Amino acid sequence: MSILSGKKILLGVTAGIAAYKTANLVRLFIKSGAEVQVIMTPASKDFITPLTLSTLSKNPVHSTFYDKEEENELWNNHVDLGLWADYMVIAPATANTLSKMTNGTCDNLLLATYLSAKCPVYFAPAMDLDMYKHPSTKQSLTKLQEFGNTMIPATSGELASGLVGEGRMAEPEDIVAFIENDILSQLPLKGKKVMITAGPTYEAIDPVRFIGNHSSGKMGFAIANAAANLGAEVYLISGPSQQKIAHSLVKRIDVTSAEEMYEASHAHYPDADIAILSAAVADYRPKNVVNEKIKKKDTSLEIALEPTKDILASLGKIKKQQFLVGFALETNNELEHALGKLERKNLDAIVLNSLKDKGAGFATDTNKITFIDKNKAQVSFGLKSKVEVADDILSEILKRLDA
Ligand code: CTP
């Protein structure tokens, strides 16, 4: 999944021959899962039609402050457009538009929107080589970057004029890759490895039966997704779960038993920066696993159980650079029990959820947590979706990561 998935991109098209390439650019943004709106300068319509771009972007294309053709002359609010966008991309960006952007001129909808946009702005210059080399253009490029905009550099090659040199707009595939990499490089968990355990474990009794629990894995999967969205390389060690995850930064490792989860966790822990253990690991397993299916009898059946290994405690014992987080699901004396686990298992933080709280715990789509760090500082959150809870947990971890 692209980092652009679900993001809102405002594409500004200006009047350069490279505008014809924006059809492909819009298609690539849509393919990456982004939502796209296009603003065109009036003159850019000579190079590509609004119909092409509105069809590909699945949204109306705006180029004037109001739509004259509409019965009620609808006002295109440049402030709203600017606020809607997560990212603004101006491609192609002509020398004329770059110069106007530098000086704060806003004599068309695109420029007014640029000036009021609060989101990151990328621009991909495109012009003939002598225009590109001109000191005034160079000055615009420098100034615009000083203002905090990001340039997607022009490349060298054959230009529309027939001349060969620098000034060609970057290819649409390269523009998308540039933006994706730029966003990734700025994410707070970029370059960090996060290990997460999730779901239940199943402890075999015989070839067809097991001891398990009702954990759905939803909380752990939501944390995996949230960590990947922050740029982390995520290893999600999951017990049997119906949950699905499709993120290019998440590697899923499926396990069944506590013993398998222990092995996988120890394999990935040594170079992890953060480990979050949200799995509901079975505390006991049958002492002897019967090889053949146990036959029904009239007498009662007793199964001897032995403790499984406590994965979290074992990781606490060998902790080095890792920020280690455990979960505590409690029914009584919640805080006292959670603090006890935090200390006993040598954790950096523990996420407490109480089964007394409606909507918290297993199988639900919601959770209500208290985040407690090793200094006993507590942050309590209201009832939220597990997706939101995952973001809260990661933001609390981030605050303490390099502290
Ligand atoms: N955990 C683990 N391995 C186990 C058991 C638990 O890694 N064999 C982890 C869970 O993933 C969770 C935390 O330990 O992060 C909570 O464990 P819990 O079972 O509540 O702790 P216990 O010390 O076993 O306490 P309790 O008496 O409440 O069962």
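Residues numbered from 1 in each chain as written. Predicted model: local features only at pLDDT ≥ 70, side-chain atom pairs only at ≥ 80, totals over all residues. Heavy atoms only, no water.

Scanning the chain from terminus to terminus reveals 13 helices and 24 strands. Taking 2.2 N^0.38 as the reference for a compact globule, 403 residues should give roughly 22 Å; the C-alpha atoms of the chain span a radius of gyration of 28 Å, well beyond that estimate. Along the first, second and third principal axes, the C-alpha atoms of the chain reach 90 × 45 × 45 Å. A burial count over the chain gives 49% of its 403 residues as buried. Accessible area for the chain stands at about 19,800 Å²; split by element, carbon and sulfur atoms hold 51% of it. Across the chain, the centroid of the 44 positively charged side chains sits 5 Å from that of the 48 negatively charged ones. (Helix = DSSP H or I, 4+ residues; strand = E, 2+ residues; numbered from the N terminus. Rg over C-alpha atoms; globule rule 2.2 N^0.38 Å. Buried < 20%, exposed > 50% of the residue type's maximum accessible area, 1.4 Å probe, protein only. Areas by Shrake-Rupley, 256 points an atom, 1.4 Å probe, with all protein chains shown as cover. Lys, Arg positive; Asp, Glu negative; His and termini not counted. Charge placed at Lys NZ, Arg CZ, Asp CG, Glu CD.)

Neighbouring the ligand are 14 residues, the closest being Leu277, Ala279, Lys309, Phe327 and Lys341. Within the backbone of Lys309, one N or O atom sits 2.9 Å away from a nitrogen atom of the ligand. Contacts to the ligand include Ile311, whose backbone N or O atom sits 3.0 Å from a nitrogen atom. Isolated, the ligand exposes 570 Å² of accessible area, and the fraction of that covered by the protein chains is 75%. Counting residues per element, the ones that place at least two in the shell around the ligand are helix 11 (311-317), strand 19 (323-330) and helix 12 (334-344). When the residues that make up the shell around the ligand are grouped by side-chain class, the tally is 6 nonpolar, 2 polar and 6 charged. (Near = heavy atom within 4 Å. Polar contact = N/O pair within 3.5 Å; in protein donor to acceptor, adjacent residues only side chain to side chain. Nonpolar A, V, L, I, M, F, W, Y, C, P; charged D, E, K, R; others polar.)

What follows covers the domain arrangement of the chain. Looking at the assigned domains, one finds that the chain contains domain 1 (8-185) and domain 2 (193-402). Placing the centre of domain 1 and that of domain 2 at their C-alpha centroids yields a distance of 46 Å. (Domains from an automatic or database assignment.)

Take the sheet that holds strand 2 (residues 35-40) next. If you trace the 6 strands from one edge of the open sheet to the other, you get 3-2-1-6-7-8, paired in parallel fashion. Two strands lie at the open edges of the sheet, namely strand 3 (61-62) and strand 8 (150-151), each paired on one side alone. Taken strand by strand, helix 8 (residues 172-186) contacts strand 6 (87-93), strand 7 (121-125) and strand 8, and its axis lies near 145 degrees from that of strand 7. (Pairing = 2+ DSSP bridges. Contact = heavy atoms within 4.5 Å. Axes fitted to C-alpha atoms, helices over the stretch in contact; angles between N-to-C directions.)

Strands sit in the order 15-14-11-16-19-20-22-23 across an open sheet of 8 strands; the sheet is mixed. Both edges of this open sheet fall to strand 15 (250-254) and strand 23 (378-380), since each of them pairs with a single strand only. Recorded for the sheet is a direction-independent mean angle of 15 degrees between the axes of neighbouring strands.

On to the UniProt feature "binding site: CTP" (unreviewed entry) in the chain, then. Per the UniProt entry, the sites bearing "binding site: CTP" (unreviewed entry) are Asp283, Lys293, Phe327, Lys341 and Lys345 in this numbering. Maximum C-alpha separation among the annotated residues is 37.7 Å over a sequence range of 63 residues, too wide for a single clustered spot. Relative to the elements of secondary structure, Phe327 occurs in strand 19. The buried category is assigned to Phe327, whose relative accessible area is 17%. Filtering out sequence-adjacent residues up to four positions away, Phe327 remains in contact with Met219, Ile223, Ile276, Leu277, Ser278, Ile350, Val351, Asn353 and Ile393. Residue position: Lys345 is located in the loop between helix 12 and strand 20 (349-354). For Lys345, the contacting residues outside a window of four places in its chain are Asp310, Leu312, Ala313, Gly316 and Leu324. Separated by 2.8 Å, the side chains of Lys345 and Asp310 make a polar contact. (UniProt positions renumbered as here; feature names shortened; annotations may be inferred.)

Turning our eyes to something else, we now look at helix 13 (residues 386-401). The end-to-end C-alpha separation of helix 13 is 22 Å, in line with the 22 Å expected for 16 residues at 1.5 Å each. Residues Lys386, Val389, Ala390, Asp392, Ile393, Leu394, Glu396, Ile397, Arg400 and Leu401 constitute the buried set of helix 13. (Expected span 1.5 Å × (residues − 1).)

Moving on to the packing of helix 4 (residues 95-103) against helix 7 (residues 135-146). Interaxial distance between helix 4 and helix 7 falls to 9 Å at its minimum, and their mutual angle equals 50 degrees. Between helix 4 and helix 7, the angle is such that the two are oblique. Where helix 4 crosses over helix 7, the two elements pack in a sense that is left-handed. Between helix 4, through Ala95, Leu98, Ser99, Met101 and Thr102, and helix 7, the contact on the second element is made entirely by Thr137, Ser140, Leu141, Lys143 and Leu144. Residue classes in the contact of helix 4 with helix 7 are distributed as 5 nonpolar, 4 polar and 1 charged. (Parallel < 35°, antiparallel > 145°, perpendicular 65-115°, else oblique. Left-handed = near helix turned anticlockwise from the far one by under 90°.)

Tallied over the entire structure, the rule returns 19 salt bridges. Lys345 is the partner of Asp310 in a salt bridge, and the nearest nitrogen-oxygen pair spans 2.8 Å. Taken together, the residues Asp310 in the loop between strand 18 (305-307) and helix 11 and Lys345 in the loop between helix 12 and strand 20 connect sequence positions 35 residues apart. A relative accessible area of 36% means that Asp310 is categorised as partly exposed. Judged by relative accessible area, Lys345 falls into the buried class, the value being 16%. As a salt-bridge pair, Glu396 and Arg400 come within 2.8 Å of each other at their nearest N and O atoms. Residue Glu396 and its partner Arg400 are both found in helix 13; the two are separated by 4 residues, about one turn of the helix. Per residue, the accessibility class of Glu396 equals that of Arg400, and both read buried. Salt bridges linked by common partners bring Glu259, Arg285, Glu306 and Lys309 together as one network. (Salt bridge = Lys/Arg side-chain N within 4 Å of Asp/Glu carboxyl O.)

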